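Chain by chain, the residues run as shown.
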Amino acid sequence: MFVATFTYQDPKALVPPKMNAKPIHSTPTYIPPPIRQIPVPQQLPLPPSPPTIPRAISITAPETRVAVPVVPPPSIDLDDSITAFWDYQFLFVSQRSETTQPITLRLVDGVIPSDFPSGTYYLTGPGLFSDDHGSTVHPLDGHGYLRAFTIDNSKVTYMAKYIKTEAQVEEHDPETDTWRFTHRGPFSVLKGGKKVGNTKVMKNVANTSVVKWGEKLLCMWEGGEPYEIESGTLDTIGRYNMMDGHDDSTEDSDGVWEVAAGLLKPILYGVFKMPPKRLLSHYKVDSSKSRLLTVSCNAEDMLLPRSNFTFSEYDSNFKLLHKQEFRIPDHLMIHDWAFTDTHYIVFANRIKLDVPGSVAAVCGISPMISALKVNPSKNTSPIYLLPRFPTKSKSNFRDWRVPLEAPSRLWLLHVGNAFELRHANGNLHIQITAAACSYQWFNFRNLFGYNWQNQKLDPSIMNIQGENNLLPHLVQVSIKLDSDNNCQECNVKAMKKWKKSADFPTINPAFSGKRNKYLYAATTLGSRKTLPSFPFDTVVKLDSETDSVQTWNVGSRRFIGEPIFVPKSDLEEEDDGYLLVVEYAVSMQRCYLVILNPKMIGTSKALVARLEIPRHLNFPLGFHGFWAASGNQI
């Protein structure tokens, strides 16, 4: 495990830049009392000052060795830029240790309720960012590290292991327990090793999402096949092919683009070893039909002004029940999507080829993702309504090749839920809740503030002063079609009741694809002037019927990840259940599993229990998780 030691010096010698920030207020919020902080004898090399980012809050890294004390004297400002910089770095500290047996977690607050359902909360994300030869990779290129919290009879056990992907096996020496990065990955540039001619670009690290469906536990990544994991031991079984039988047949031929695709395939498949199809890491669960829904894309479409999507639906035994293929005449980058009873919904995040960036990427002097950039040429957000069951529906679908145009330009990140209402007159109303950001802010190369030139993380990129509309925030999408499927309304609006930076929207999974009342998300109160927008420190609960908002804040110098809803077995109301969220107490280098009562968000009774992960197993920020109830799919 990577450790760090601090030597305290008087911070008055280094006065961080002053910033003017408007006070930010919140609706009912409970902020817990501080937890006793424990000194940490560990050392971290200090990076050079990150570059100045226009309109970004100034957060400078110290150029001399200045301590960030765990228990500072009263004279130290916990909100200064130096402290903020290190708090952000500690959220992405590598964890090299794994468990061999389940470890019982110690309860430090509250009690685990007797009616908490039995099951396992799986959380995946990167576990390793730096090797032993000087290279540091982007968080999206970090090797997948699977965490499992099993809750049964008021007892919580914990396990964690690396996903043994082909890249992980090649880059890790188990005898010496050392690492040497050999795969570039899409978002990184290696400091050591081969650069020019390094074709190991598609580094499948299986670090983005996880799902347990039927008897299979799968860890997924955006650019390839998922890896199957043995749920009891977390041992890696191997790749799981979910895309057999998929073909490239479409109703129309794109002529010149077909020729271009034919030229690209041997290069992408043969030279760069890209799989012909890439499975998106975001799946959907149709709770009413008990189906798992996935979507895959063609590899060559990343470089062509067309996009092929294959939607697949599986029963609980992973039997393929339904498949639909669509070719959209636009150059798109899709991370998440939505579905309703009758439609798949694709939000057209538009991209284009960056020729200078492509040359630099091929030469190995910039990340491969530099070959692409966002395409803000339209002032609207195209939304494609793709028919889910065109042969079974009695309705005449509109031409799905023609998108609806929402009068705002937003880059969609994550979907909370989508559902449709069919009125007696035949009109259709589709409502979607999601998290989105602006094209102006989104940059492939700077996600999480990663600077590939100095291989450091700059938190100021994620914290733009006074511009919450640019950063990730919650939005509502409303689409209205008349009985002849003519569009009467299509708009995307920021949620007026919660305008602060937010992401990872989630709901009670029993209401997936259905009309729901409550939405939960990770957000921030914005009270920390040096890190007002990210990382997140608050869970927000929004009520669509009463327009009320309640929040729970994790406390000072602590962050949270994606919240997960765990429904009770005797579900009567939509918020009958519990919320699970991981707390990252970066100032103490500790992680906690937190259980919240959704009904009590906004009060002092929201916290149900907090369990401590052992210090030697402290882990970095996770991405997406899944709750697998014992004996159930959802």
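Keep in mind it's a predicted model, so treat the numbers as computed, not measured. (Residues numbered from 1 in each chain as written. Predicted model: local features only at pLDDT ≥ 70, side-chain atom pairs only at ≥ 80, totals over all residues. Heavy atoms only, no water.)

Colleague: For the sheet that holds strand 11 (residues 216-220), give the residues involved together with the corresponding values.
Modeller: Sheet architecture is open: 4 strands sit in the order 10-11-12-13, paired in antiparallel fashion. Each of the sheet's edge strands pairs with one partner strand only, and the pair in question is strand 10 (209-213) and strand 13 (236-239). In this sheet, neighbouring strand axes are inclined to one another by 25 degrees on average, regardless of whether the strands run parallel or antiparallel. One ladder, built from 3 bridges, connects strand 11 with strand 12 (residues 227-229); its direction is antiparallel. When the sheet's bridge partners are listed, Cys219 is paired in strand 12 with Tyr227. (Pairing = 2+ DSSP bridges. Helix = DSSP H or I, 4+ residues; strand = E, 2+ residues; numbered from the N terminus. Axes fitted to C-alpha atoms, helices over the stretch in contact; angles between N-to-C directions.)

Colleague: Let's hear about the sheet that holds strand 25 (residues 410-422): which residues, and what values?
Modeller: Taken together, 4 strands build an open sheet; the order of strands is 25-26-29-30 and the sheet is antiparallel. The outermost strands of the open sheet, each flanked by one partner alone, are strand 25 and strand 30 (487-494). Geometrically, the sheet is characterised by an average inter-axis angle of 15 degrees between neighbouring strands, direction not taken into account. The sheet contact formed by strand 26 (residues 428-438) and strand 29 (residues 473-481) spans 9 bridges and is antiparallel. The residue of strand 29 that forms the bridge with Ala435 is Leu474.

Colleague: Any chance you could break down the nonpolar core for me, citing the residues and the numbers?
Modeller: Core analysis: the biggest nonpolar cluster contains 90 residues, and Trp411 and Phe619 have the highest contact counts within it. Per-element tally for this core: the top contributor is strand 37 (residues 577-585), with 7 residues. Excluding residues that lie within four positions of it along the chain, Phe619 makes contacts with Gln95, Leu123, Tyr145, Arg147, Phe149, Tyr158, Val582, Tyr584, Cys591 and Ile613. Ala148, Ile163, Val211 and Cys219 belong to the second largest nonpolar core, which has 27 residues in total. (Core = buried A, V, L, I, M, F, W, Y, C linked by side-chain atoms within 4.5 Å. Buried < 20%, exposed > 50% of the residue type's maximum accessible area, 1.4 Å probe, protein only. Contact = heavy atoms within 4.5 Å.)

Colleague: Describe empty space enclosed by the protein, with residues and values.
Modeller: For the structure on display, the rule yields 10 cavities of 30 Å³ or more. Among the elements of the structure, strand 10, strand 15 (284-286), strand 19 (338-339), strand 25, strand 31 (502-506), strand 36 (564-567) and strand 40 (624-629) are those that each provide at least two residues to the lining of the largest cavity. Of the residues contributing to the lining of the largest cavity, the split by class is 17 nonpolar, 10 polar and 3 charged. As a volume, the second largest cavity reaches approximately 90 Å³. Lining the second largest cavity we find Phe347, Ala348, Asn349, Ser381, Pro382, Ile383, Leu410, Leu412, Ala436, Val475, Val477 and Val492. Looking at the lining of the second largest cavity, the elements that each hand over two or more residues are strand 23 (381-387), strand 25 and strand 29. With 3 residues, the single largest contributor to the lining of the second largest cavity is strand 23. (1 Å grid on protein atoms, 1.4 Å probe; cavity = no way out; pocket = protein on both sides within 12 Å on 5 of 7 lines; lining within 4 Å. Points joined across faces, edges and corners; volume = space filled by probe spheres on them. Nonpolar A, V, L, I, M, F, W, Y, C, P; charged D, E, K, R; others polar.)

Colleague: With reference to specific residues and values, describe the environment of Lys529.
Modeller: You can see Lys529 is positioned in the loop between strand 32 (518-523) and strand 33 (538-543). Lys529 sits 449 residues away from Asp80 along the chain, and the two C-alpha atoms are 8.5 Å apart.

Colleague: Run through the packing of aromatic side chains, naming residues and quoting values.
Modeller: Here the structure, examined in full by the defined rule, presents 32 aromatic pairs. Geometrically, the ring pair formed by Tyr240 and Phe318 is edge-to-face, given 5.4 Å between the ring centres and 65 degrees between the ring planes. Taken together, the residues span a long stretch of sequence, with Tyr240 in the loop between strand 13 and helix 3 (256-271) and Phe318 in the loop between strand 17 (307-314) and strand 18 (320-328) at a distance of 78 residues. With respect to burial, Tyr240 and Phe318 carry one shared label: buried. Centre to centre, the rings of Phe311 and Tyr344 are 4.2 Å apart; their planes meet at 10 degrees, and the pair counts as stacked. Of this pair, Phe311 sits in strand 17 while Tyr344 sits in strand 20 (residues 343-347), and the two are 33 residues apart along the sequence. Residue class for Phe311 comes out buried when judged on its relative accessible area of 1%. Here the aromatic residues Tyr88, Phe92, Phe129, Phe448, Phe504, Phe534, Phe536 and Phe623 are joined through ring pairs into a cluster of three or more. (Phe/Tyr/Trp six-rings, centres within 6.5 Å; stacked < 30°, edge-to-face > 60°.)

Colleague: Break down a nonpolar patch on the surface for me, with residues and values.
Modeller: A cluster of nonpolar side chains, Leu353, Val355 and Val359, forms an exposed patch at the surface whose accessible area comes to about 260 Å². Following the sequence through the fold, Val359 ends up in helix 4 (residues 355-362). (Patch = residues over 30% accessible without salt bridge, like charges linked within 9 Å, V, L, I, M, F, W, Y side chains within 5 Å. Areas by Shrake-Rupley, 256 points an atom, 1.4 Å probe, with all protein chains shown as cover. Salt bridge = Lys/Arg side-chain N within 4 Å of Asp/Glu carboxyl O.)

Colleague: Quick one: what's the story with helix 1 (residues 81-90), residue by residue and with numbers?
Modeller: Residues separated by three or four positions in an α-helix point in the same direction, a consequence of the helix having 3.6 residues per turn. The element helix 1 is extensively covered by neighbouring structure, given that 10 of its 10 residues are classed as buried. Considered for burial, the residues of helix 1 that qualify are Ser81, Ile82, Thr83, Ala84, Phe85, Trp86, Asp87, Tyr88, Gln89 and Phe90. Packed against the buried residues of helix 1 are strand 28 (456-457) and strand 35 (559-560). Among the residues of helix 1, the N-terminal cap falls to Asp80, whose side-chain oxygen and the backbone nitrogen of Ile82 are separated by 3.3 Å. (Polar contact = N/O pair within 3.5 Å; in protein donor to acceptor, adjacent residues only side chain to side chain.)

Colleague: I'd like a description of the pattern of salt bridges, backed by residues and values.
Modeller: Pairing between side chains of opposite charge can happen when their charged atoms approach one another. In the structure shown here, the tally under the stated rule is 31 salt bridges. The residue Arg96 makes a salt bridge to Asp132 at a minimum N-O spacing of 3.0 Å. A residue pair is termed long-range when its members are at least 10 positions apart, and Arg96 in the loop between helix 1 and strand 2 (103-104) and Asp132 in the loop between strand 5 (126-128) and strand 6 (143-152) qualify at 36 residues. Here Glu313 ties to Arg291 by a salt bridge, and the two come within 2.8 Å at their closest N and O atoms. Here the residue Glu313 occupies a position in strand 17, and Arg291 occupies one in strand 16 (residues 291-298), the gap between them amounting to 22 residues. The residues Glu313 and Arg291 share a single accessibility class, namely buried.

Colleague: Before we move on, can you summarise helix 4 with the specific residues and values?
Modeller: Listed as buried for helix 4 are Gly357, Ser358, Ala360 and Ala361. Looking straight down helix 4, one finds its buried side chains confined to an arc of 165 degrees; they lie on one side. Those residues of helix 4 that are exposed and angled more than 90 degrees off the buried face are Val355, Pro356, Val359 and Val362. Tucked inside the fold, the buried residues of helix 4 contact strand 21 (351-353). Among the residues of helix 4, the N-terminal cap falls to Asp354, whose side-chain oxygen and the backbone nitrogen of Gly357 are separated by 2.9 Å. Downstream of helix 4 by one or two residues, Gly364 has phi in the positive range, about 85 degrees. (Arc of directions from axis to C-beta.)

Colleague: Describe in detail the confidence of the model for the protein chain, supporting the description with residues and values.
Modeller: Per-chain confidence: the protein chain averages 84 in pLDDT, with 80% of residues scoring 70 or above. Across residues 1-27, where pLDDT falls below 50, the model places 61 contacts with residues more than four positions away in sequence or in other chains. Every residue in residues 60-76 is under pLDDT 50, and counting partners more than four places away or in other chains gives 51 contacts. (pLDDT = per-residue confidence, 0-100.)

Colleague: Account for unusual backbone geometry, naming residues and giving values.
Modeller: The omega angle of the peptide bond from Phe534 to Pro535 is 5 degrees, so this bond is cis rather than trans. Tracing the sequence through the fold places Pro535 in the loop between strand 32 and strand 33. Positive phi is not limited to glycine here, since Asp177 has a value of about 55 degrees. Here Asp177 is to be found in the loop between strand 8 (172-173) and strand 9 (178-179). The exposure class assigned to Asp177 is partly exposed, which follows from its relative accessible area of 38%. The phi torsion at Leu234 lies on the positive side, around 65 degrees, for a residue other than glycine.

Colleague: For the pairing of strand 13, give the residues involved together with the corresponding values.
Modeller: Strand direction decides the pairing type here: strand 12 and strand 13, joined by 3 bridges, are antiparallel. Among the inter-strand pairings, Glu228 is bridged to a residue of strand 13, identified as Gly238. Adjacent in sequence and paired antiparallel, strand 12 and strand 13 are bridged by 6 residues, among which Leu234 carries a positive phi angle near 65 degrees.

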